Each structure stands twice: as C-alpha cells, then as structure tokens.
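The primary structure of each chain is shown beneath.
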Amino acid sequence: DFYLSFTGAYDALHARGSQVATLAGTFHPATDPDSEVVTIDANGVVFSQNATTGCVVNGSIKAFDSDYNVYRLDLTYSSCRAAAVVLNGRSAEGLGYFDSTKNPAVLFIALDVLGSEQHYSIVRTLIRK
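This section reports on the structure supplied with the text. Note that the structure is a prediction, hence the values are computed from the model and not measured. Residue positions are counted from 1 within each chain, in the order its sequence is given. In view of the model being predicted, local features appear only for residues whose pLDDT reaches at least 70, and side-chain atom pairs are presented and counted only at 80 or more, with totals across whole chains, interfaces and linings using the full set of residues. The basis for every side-chain value is the complete set of non-hydrogen atoms in the structure, without hydrogens or water.

1. Concerning the overall build of the protein
Keep this limit in mind: Numbering of helices and strands starts at the N terminus; helices are DSSP runs of H or I of at least 4 residues and strands are runs of E of at least 2. To get the radius of gyration, use the C-alpha atoms; to get the globule rule, take the number of residues to the power 0.38 and multiply by 2.2 Å. Type-normalised accessible area, obtained with a 1.4 Å probe on protein chains alone, sets the label of each residue: buried when under 20%, exposed when over 50%, and partly exposed for intermediate values. Only heavy atoms enter the contact rule, under which two residues are in contact if any of them lie within 4.5 Å. Residue burial considers only the protein chains on display, and all accessible areas are found by Shrake-Rupley using a 1.4 Å probe. Lys and Arg are tallied as positive, Asp and Glu as negative. Neither His nor the chain termini are counted. By convention, the charge on Lys lies at NZ, on Arg at CZ, on Asp at CG and on Glu at CD.
Within the protein, the regular secondary structure consists of zero helices and eight strands. Traced from its N-terminal end to its C-terminal end, the protein shows the element sequence β-β-β-β-β-β-β-β. In summary, the protein has a C-alpha radius of gyration of 15 Å against a globular reference of 14 Å for 129 residues, a match within 12%. Each of the three principal axes of the protein carries a C-alpha extent, and together these read 50 × 40 × 25 Å. Relative to its 129 residues, the protein shows a buried fraction of 34%. Pairs at least 24 apart in sequence give 39% of the contacts found in the protein among residues at least 6 apart. Looking at the protein as shown, the accessible area adds up to about 7,800 Å², and 53% of this sits on carbon and sulfur atoms. The averaged location of the 13 negative side-chain charges in the protein is 7 Å from the averaged location of its 9 positive side-chain charges.

2. Topic: the nonpolar core
Rules: Among buried residues, the Ala, Val, Leu, Ile, Met, Phe, Trp, Tyr and Cys ones that are joined through side-chain atoms within 4.5 Å form a nonpolar core.
In this structure, Ile-61, Tyr-77, Leu-87, Leu-107 and Leu-111 are the most contacted members of the largest nonpolar core, which totals 25 residues. Mapped onto this core, the elements with two or more residues apiece are β2 (36-40), β4 (56-63), β5 (71-78), β6 (91-99), β7 (106-113) and β8 (120-128). For Tyr-77, the residues in contact, after removing those within four places along its chain, are Cys-55, Val-56, Val-57, Leu-87, Asn-88, Gly-89, Arg-90, Ala-92, Leu-111, Val-113 and Ile-122.

3. Concerning the side chain of Glu-36
To keep it simple, the criterion reads: Polar contact criterion, stated in full: a pair of N or O atoms within 3.5 Å, where within protein one must be able to donate a hydrogen and the other to accept it, and residues adjacent in sequence count only if both atoms are side-chain atoms.
Position of Glu-36 among the secondary structure elements: in strand β2. Within the structure, Glu-36 has its side chain in polar contact with the side chain of Ser-48 (distance 2.9 Å). Not counting the four nearest positions on each side in its chain, Glu-36 is found in contact with Phe-27, His-28, Pro-29, Ser-48, Gln-49, Asn-50 and Arg-124.

4. Focus: the pairing of β7
Regular strands show a simple pattern: their side chains alternate between the two faces of the sheet. We count it as follows: What makes two strands pair is DSSP finding at least two bridges between them.
Across eight bridges, β6 lies against β7 in antiparallel orientation. Each residue of the ladder has a partner; that of Gly-94, found in β7, is Leu-111. In terms of strand pairing, β7 meets β8 through eight bridges, oriented antiparallel. In the strand pairing of β8, Ala-110 is matched with Val-123.

5. Concerning the packing of aromatic side chains
Stated precisely, the cut-off is as follows: Any pair of Phe, Tyr and Trp rings, taking the six-membered ring for Trp, is counted once the centres come within 6.5 Å. Such a pair is stacked with planes under 30 degrees apart, edge-to-face with planes over 60 apart, and tilted for the rest.
Summed over all chains, the structure comprises two aromatic pairs. Between Phe-27 and Phe-98, the aromatic rings sit 6.4 Å apart at their centres with planes inclined by 80°, giving edge-to-face as the arrangement. A residue pair is termed long-range when its members are at least 10 positions apart, and Phe-27 in strand β1 (residues 25-29) and Phe-98 in strand β6 qualify at 71 residues. A ring pair is formed by Tyr-97 and Phe-108, whose centres lie 4.9 Å apart and whose planes are at 25°; its orientation type is stacked. On the criterion of sequence distance, the pair formed by Tyr-97 in strand β6 and Phe-108 in strand β7 is long-range, its members being eleven residues apart.

6. Some details on the side chain of Ser-18
Inspection of the secondary structure puts Ser-18 in the segment before β1. Judged by its relative accessible area of 7%, Ser-18 falls in the buried class. Among the polar contacts listed, one links the side chain of Ser-18 to the backbone oxygen of Tyr-68, at a separation of 3.0 Å. Setting aside its immediate chain neighbours within four residues, Ser-18 contacts Ala-63, Asp-65, Ser-66, Tyr-68, Asn-69, Val-70 and Tyr-71.

7. Points about the environment of Gly-44
Secondary-structure assignment places Gly-44 in the loop between β2 and β3 (45-50). For Gly-44 and Gln-19, which are 25 residues apart along the polypeptide, the C-alpha to C-alpha distance reads 9.4 Å.

Right under this line is the structure:
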C-alpha cells in the first residue's frame with residue numbers, strides 16, 4: 001500500500017476576508033515578468049496577453065466566500081501559438097488567494113483547463129506592478 005502524508009499549518013492570511021476591488025490592478029508573472037501583463041478591474045474582469053505564447057485570456061475573478069481570502073477564477077483562452085495552441089477555446093476554472101502582506105503584493109492562482117479528454121493544470125504566481 002502507498003500512503004501519502006501531509007503536514008500543514010494554519011496561516012491567518014486565509015481568514016482576512018476577500019473583496020474583488022482589492023485585486024484591481026496590473027500583475028505580471030513572477031518567473032518571466034516581461035512576457036505578460038494581467039489586468040484585473042474593480043469588478044473582477046480579467047484580461048491578459050502573453051507575448052511568448054500569444055495566449056489571450058479573458059474572464060473573471062470573484063470572491064468565493066467573503067469571510068476568507070479565496071477567489072474563484074473563470075477564464076477562457078484564445079490566440080495561443082506553438083505548444084500552447086491546445087488551450088485555444090478552452091475554459092479554465094480555479095482558485096486564487098491574494099497576499100497583500102508582501103511588497104509587492106502577490107496573487108497565487110491554480111487553474112484546471114477543461115478539455116474533452118485532456119485536462120491541463122496551470123499554477124501561477126503573479127506579482128502586482
């Protein structure tokens with residue numbers, strides 16, 4: 001038998017509450033800041049375009065539960081090139097949390113890109129500009 005153990009610790013950051021308006025701004029990927037700009041408006045409308053992959057992302061981010069620092073993302077991919085072309089027309093759903101205690105602030109997201117037979121997982125760390 002195979003057993004997997006997990007040890008975690010409570011982080012008070014998760015109980016800070018959530019408001020989409022606090023996310024409003026411009027972000028870039030932590031790993032390649034010049035490749036993409038992600039914008040979120042005060043209503044939670046998300047737009048990004050990646051210079052490397054060509055991917056254009058449109059969608060929304062909403063407070064999942066206003067008592068907790070958790071957000072729901074619903075996104076759609078288009079215009080992707082090369083290896084990322086498999087994402088074109090696909091929807092992505094996921095969760096995120098926002099760490100405003102960091103300077104600059106950080107938005108962590110994890111997405112599941114839905115497909116007919118294949119799922120793709122995307123995990124991103126986005127830094128506020």
